[in-house]
Amino acid sequence: MHVMIFGAGYSGKAIANAMKSAADTISGTTRSENKFPNLEATGMTPFLFDGVHLNDDLIAAMGNITHLVQSIAPGGQGDPLLALLGSDLKRFLPKLQWMAYLSTVGVYGDHDGAWVDEESPCRPVSARSVERVAAETAWAAAAEKTNVPLVTLRLSGIYGPGRNTFMNFEKGTARRLVKKDQVFNRIRVEDIGAALAFLASKNERGIFNVTDNEPCPPQDVVSFAATLMGVEPPPEQAFETADLTPMARSFYGENKRVSNAKIRSLGFNFDFPEYKISLTQLWESGLWRG
């Protein structure tokens, strides 16, 4: 098995860790040679990919890929990798056996706090979520044409070592924003890697929500982290009057509870199904710093 992760960032490194035991070779792309040591430390062979051109080294490596993971976000012009691969994926990927596309639960849009699953309609609100729906559709069409199984992982808010509420406290940026009835799901990064490795081992296809079991108000997570740290939580701020970037504000325009029942029904168990279990583990182990 030769795995290549396009856009081997925070989630990509967790995927590489989870795939180590099954894969003969794991490769990953990055935009900067400065990040090569980070990828190599995770056991990946690094390749440059700027999202605009396929260089000769990358094209040569793609000839041996059996499992492709696409983690690069789309833009206004669509998915950057598909734009280069064209409609015939086997032209560059003759040995391709399985693919995974990392998407977001943002594709569901706003459901007024109701539960959604993989059968729920997509009603994206933000431009980036509209682009995600288009990219999901394009990858599904390419997979069908190539006759290669594709899983689409719809991910909720990603956190884990080095990226979490404790880090926000340390930086002085922790906030308790309150918007009536607002809830969010989240997902520990190691569970993303484990879920993808599980689905690859089963040669699965289709859409799967990869998210925790406990959608909750975001201010509750901050309060719980403060309790673990033994510090006072920041004062509550009303969302309506808070000073937020347009992107941060847009996240609050989508309110839903996302179900992970589909992947659990296949026998997958999340190591960090609830934020209290996860934050406690991060704090007590010291892993929260990354």
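Scroll up to find the structure this text is about.
The present account deals with the structure reproduced in this document. (Residues numbered from 1 in each chain as written. Predicted model: local features only at pLDDT ≥ 70, side-chain atom pairs only at ≥ 80, totals over all residues. Heavy atoms only, no water.)

1. So, the packing of aromatic side chains
Rule in force here: Aromatic contacts are taken between Phe, Tyr and Trp rings whose centres are within 6.5 Å, Trp giving its six-membered ring; a plane angle under 30 degrees counts as stacked, one over 60 as edge-to-face, and the others as tilted. Secondary structure is summarised from DSSP: a helix means a run of H or I of at least four residues, a strand means a run of E of at least two, and numbering begins at the N terminus for each. Residue exposure (1.4 Å probe, protein chains only): buried if accessible area is under 20% of the type maximum, exposed if over 50%, otherwise partly exposed. Over a ring means this: the NZ of a Lys or the CZ of an Arg is within 6 Å of the ring centre and within 35 degrees of the ring normal.
Applying the stated criterion to the full structure yields ten aromatic pairs. Aromatic pair F6 and F49: ring centres 5.8 Å apart, planes at 85°, arrangement edge-to-face. Taken together, the residues F6 in strand β1 (residues 2-6) and F49 in the loop between β3 (45-48) and α3 (56-62) connect sequence positions 43 residues apart. Summarising the burial analysis for this pair, F6 and F49 share the class buried. Ring plane angle 50° and centroid distance 5.4 Å describe the contact between F198 and F268, whose orientation is recorded as tilted. Separated by 70 residues along the polypeptide, F198 in helix α7 (residues 189-201) and F268 in the loop between α10 (261-265) and α11 (275-285) bring together distant segments of the chain. When sorted by exposure, F198 lands in the same class as F268, which is buried. Joined through ring pairs, the aromatic side chains of F166, W283 and W288 make up one cluster. Between R128 and the ring centre of F251, over which it is positioned, the NZ or CZ distance is 4.2 Å. Lying over the aromatic face of F239, R249 brings its terminal NZ or CZ to 4.7 Å of the ring centre.

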